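A closer look at the structure
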Amino acid sequence: MERKAKLTTDKPDRGNLEPQKYTIQAGDSIYGIAKKFGLKPETILWSNYDVLHDDAHNISVGDELIIPPGDGIYYQWKENDDLQKIADKYRVQVEDILSYPANHLDMTNPEIKAGDFILLPGGYRETAVISPIVFEYSKNSGVKKQISGPGGCAWDYVAYGTGTFVWPSASHSVSGNDFWSGHMGLDIASVEGGPIYATDSGTVVYAGPIGGGYGIMVMIDHGNGYQSLYGHLSAVNVSCGQAVSQGQVIGLGGSTGNSTGPHLHFEVRYGGGYVNPWNVL
Ligand SMILES: [Zn+2]
């Protein structure tokens, strides 16, 4: 007969409950890595500050990332840290930290040494740089969240998309990167100063320079789950919060940001994920 005591003393199958290391491969993105491990992208970002510095674009092949066993913040304990203070700071409960299996803490007498890593399950912190990449992680792409940067604003829906999409540049050809797992948009041919058109009507949610390689960028929320993004512009013709109609000139082509020559970096997003623009154009 099986003894009940044995069942309870057996170590649970921890499976993926321990932190893992992951080496960045060609074509990886933080979003993709997070998906692979069933985690939120923010978890990957927040757990690897030394490598990523809060910017999802800072990934290079060969870099090693820590993959925590669950969503939250993977925190390196400092000298004189106080459990209650850390819990408050990252908006988690002390009991949740203590009882998290991978932390291996004694609930009655937790000892955490400086340098130890512990997971703050469900922990949250503000990200120093909210890049568009992070913005798009939101489940609801129409979230009324202000994008950080000089071109952002607290916006409200003032126009809605038709659900159809027109080419955003006079040229209809790809001049650089096509859509692939490491490049979530199309690099469309555009001359310096050439007109860039709104692919559909909507509300401008960003217009101006931004970090992360996009240079001068316009982003439009179409109010139907879709958003579109236009990068490397030389100038913007719209401002954040305003309504634009389909085909309206929103800016001029250029080569600002991480760009080796004039072209338009064009992204379409839906419901928090990237859409292959070829599927909608
Ligand atoms: Zn591009």
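Below: a short report on this structure. A quick note: this is a predicted structure, and the numbers were derived from the prediction, not measured.

1. Observations regarding the pattern of salt bridges
Within the structure shown, the criterion is met by one salt bridge. One salt bridge in this structure joins R269 and E267, with 2.6 Å as the shortest N-O distance. You can call R269 buried: its relative accessible area is 1%. Residue classification places E267 among the buried residues on the basis of a relative accessible area of 2%.

2. Things to note about the nonpolar core
Core analysis: the largest hydrophobic core is formed by 27 residues, its most contacted members being I44, L65, I97 and L120. Mapped by element, the contributors of at least two residues to this core are α2 (30–36), α3 (41–47), β2 (64–67), β3 (72–76), α5 (83–89), α6 (94–99) and β4 (117–121). Setting aside residues no more than four positions away along its own chain, I97 makes contact with L83, A87, V92, N103, L105, I118, L119, L120 and P121.

3. Some remarks on the sheet that holds strand β10 (residues 235–236)
An order of β6-β12-β10 is seen for the three strands of this open sheet, with the pairing classed as antiparallel. What marks the edges here is a single partner per strand, and that holds for β6 (195–197) and β10. In this sheet, strand β12 (residues 249–252) lies alongside β6 in antiparallel orientation, the contact comprising three bridges. Its bridge partner lying in β12, Y197 is registered against V249.

4. Here we look at the side chain of S169
Along the chain, the position of S169 falls in the loop between α7 (132–135) and β5 (186–189). A distance of 2.8 Å separates a polar atom in the side chain of S169 from the backbone oxygen of A189. With near-sequence residues (within four places) excluded, S169 lies in contact with I188, A189, S190, P195, Y197 and L264.

5. Looking at the packing of aromatic side chains
Per the stated rule, a full pass over the model turns up eleven aromatic pairs. When the ring of Y75 is compared with that of W77, the centres are 6.0 Å apart and the planes differ by 90 degrees; the resulting orientation is edge-to-face. Judged on exposure class, the residue Y75 and its partner W77 are both buried. Through a chain of ring-to-ring contacts, the aromatic side chains of Y75, W77 and Y90 assemble into a single cluster.

What counts, and at which threshold
Residues numbered from 1 in each chain as written. Predicted model: local features only at pLDDT ≥ 70, side-chain atom pairs only at ≥ 80, totals over all residues. Heavy atoms only, no water. Salt bridge = Lys/Arg side-chain N within 4 Å of Asp/Glu carboxyl O. Buried < 20%, exposed > 50% of the residue type's maximum accessible area, 1.4 Å probe, protein only. Core = buried A, V, L, I, M, F, W, Y, C linked by side-chain atoms within 4.5 Å. Helix = DSSP H or I, 4+ residues; strand = E, 2+ residues; numbered from the N terminus. Contact = heavy atoms within 4.5 Å. Pairing = 2+ DSSP bridges. Polar contact = N/O pair within 3.5 Å; in protein donor to acceptor, adjacent residues only side chain to side chain. Phe/Tyr/Trp six-rings, centres within 6.5 Å; stacked < 30°, edge-to-face > 60°.

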